[in-house]
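Here is what each chain is made of, one letter per residue.
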Amino acid sequence: MAGKKPEQLSTKYKNIMEKRTISETIIDLESAALEAWHDGNPSPYLELYSKDFTYFDPAHEKRIDGWDKIKELYENMRGKVKMDRFEMMNPVVQQTETMAVLTYNLLSYSGEAIWKENCTEVYRLEENNGWKIIHSHWSLTKPSIGWLYRHILPFVLKMSATFRFVWTKYYG
């Protein structure tokens, strides 16, 4: 491909470049929202969510429907989530022209404790060419019971009521 002008590149190569660009955009949006979330600030996620947003949360029995409902939940959690750092592992973006699905494993660190989750985010390209999350699904991973009691239980006991609820629901 060296020496070819962009207009001479094959359609297949242009599509690959566009997909890479969309993938990078989606991952960058998610990373920025995670950075703020881990410092107790849900605002970047709320800005990314569409008005018709739906959410499966491991702490809730039923799906949460609508931006107003997620805003209410997140405002109750504002300032309560504090992590030292996080790692977005194995991010993959699968896409069409107007939809993208981001999946990844999340490792969140607080001291020596590690919180492990799986995430699926469905993004939609809006009329203003901005990406919005229309659906989010988070799930906890299940490491060994011994590991849980040594590393996660002390961490969970320090966390907000929502996370304590998750612990008792899934591991208690």
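Given the structure is predicted, the values throughout are model-derived calculations rather than measurements.

Explain the sheet that holds strand 1 (residues 49-56) to me, please; I cannot follow it from the model alone.
Whether parallel or antiparallel, the strands of a sheet pair through hydrogen bonds between backbone atoms. A sheet is described by the order of its strands in space; here 6 strands give the open sequence 2-1-6-5-4-3, paired in mixed fashion. Edge positions in the sheet fall to strand 2 (64-65) and strand 3 (85-95), since each of these pairs with one other strand and no more. Here strand 5 (residues 113-125) runs beside strand 6 (residues 131-140); their pairing, made up of 9 bridges, is antiparallel. Within the sheet, the bridge partner assigned to Glu-117 lies in strand 6 and is Leu-140. Its contacts with the sheet place helix 3 (residues 67-77) against strand 1 and strand 2, and it is angled at close to 65 degrees to strand 1.

So what exactly am I meant to see when it comes to the nonpolar core here?
The tendency in soluble globular proteins is for nonpolar side chains to be buried as a group. If you look at the biggest cluster of nonpolar residues, it comprises 30 residues, and the most contacted ones within it are Tyr-45, Tyr-49, Ile-70, Tyr-74 and Tyr-104. Mapped by element, the contributors of at least two residues to this core are helix 1 (11-37), helix 2 (43-48), strand 1, helix 3, strand 3, strand 4 (99-110), strand 5 and strand 6. Dropping the residues within four chain positions of it, Tyr-45 is found in contact with Glu-30, Ala-33, Leu-34, Trp-37, Tyr-74, Tyr-104, Glu-121, Ile-133 and Trp-138.

I tried to follow the pattern of salt bridges on my own but got confused; where do I start?
Think of it this way: side chains of opposite charge can pair up when their charged atoms draw near. Scanning the model with the defined rule gives 7 salt bridges in all. Arg-124 is the partner of Asp-52 in a salt bridge, and the nearest nitrogen-oxygen pair spans 3.1 Å. Pair noted here: Asp-52 is in strand 1 and Arg-124 is in strand 5, with a separation of 72 residues, a long-range link. Under the relative-accessibility criterion, Asp-52 is labelled partly exposed at 44%. Connected through shared salt-bridge partners, Asp-52, Arg-124 and Glu-126 make up one network.

The rules behind each value
Per chain, residue numbering runs from 1 following the sequence as it is written. Only residues with pLDDT of at least 70 are given local features in this predicted model, and only at 80 or more are side-chain atom pairs given and counted; all residues enter the totals for whole chains, interfaces and linings. For the side-chain quantities, the full set of heavy atoms in the structure was used; hydrogens and water were omitted. Strands qualify as paired when DSSP identifies two bridges or more between them. Strands here mean DSSP runs of E at least two residues long; helices mean DSSP runs of H or I at least four residues long; both are numbered from the N terminus. Any two residues having at least one pair of non-hydrogen atoms within 4.5 Å are treated as being in contact. Only the stretch in contact is used when a helix axis is fitted, and all axes are lines through C-alpha atoms; the angle between N-to-C directions ranges over 0 to 180 degrees. Residues belong to a common nonpolar core when they are buried Ala, Val, Leu, Ile, Met, Phe, Trp, Tyr or Cys residues joined through side-chain atoms within 4.5 Å. Exposure is judged per residue with a 1.4 Å probe applied to protein chains only, and the accessible area is read against the type maximum: over 50% gives exposed, under 20% gives buried, and values in between give partly exposed. In the sections that follow, a salt bridge refers to a side-chain nitrogen of Lys or Arg positioned within 4 Å of a carboxyl oxygen of Asp or Glu.

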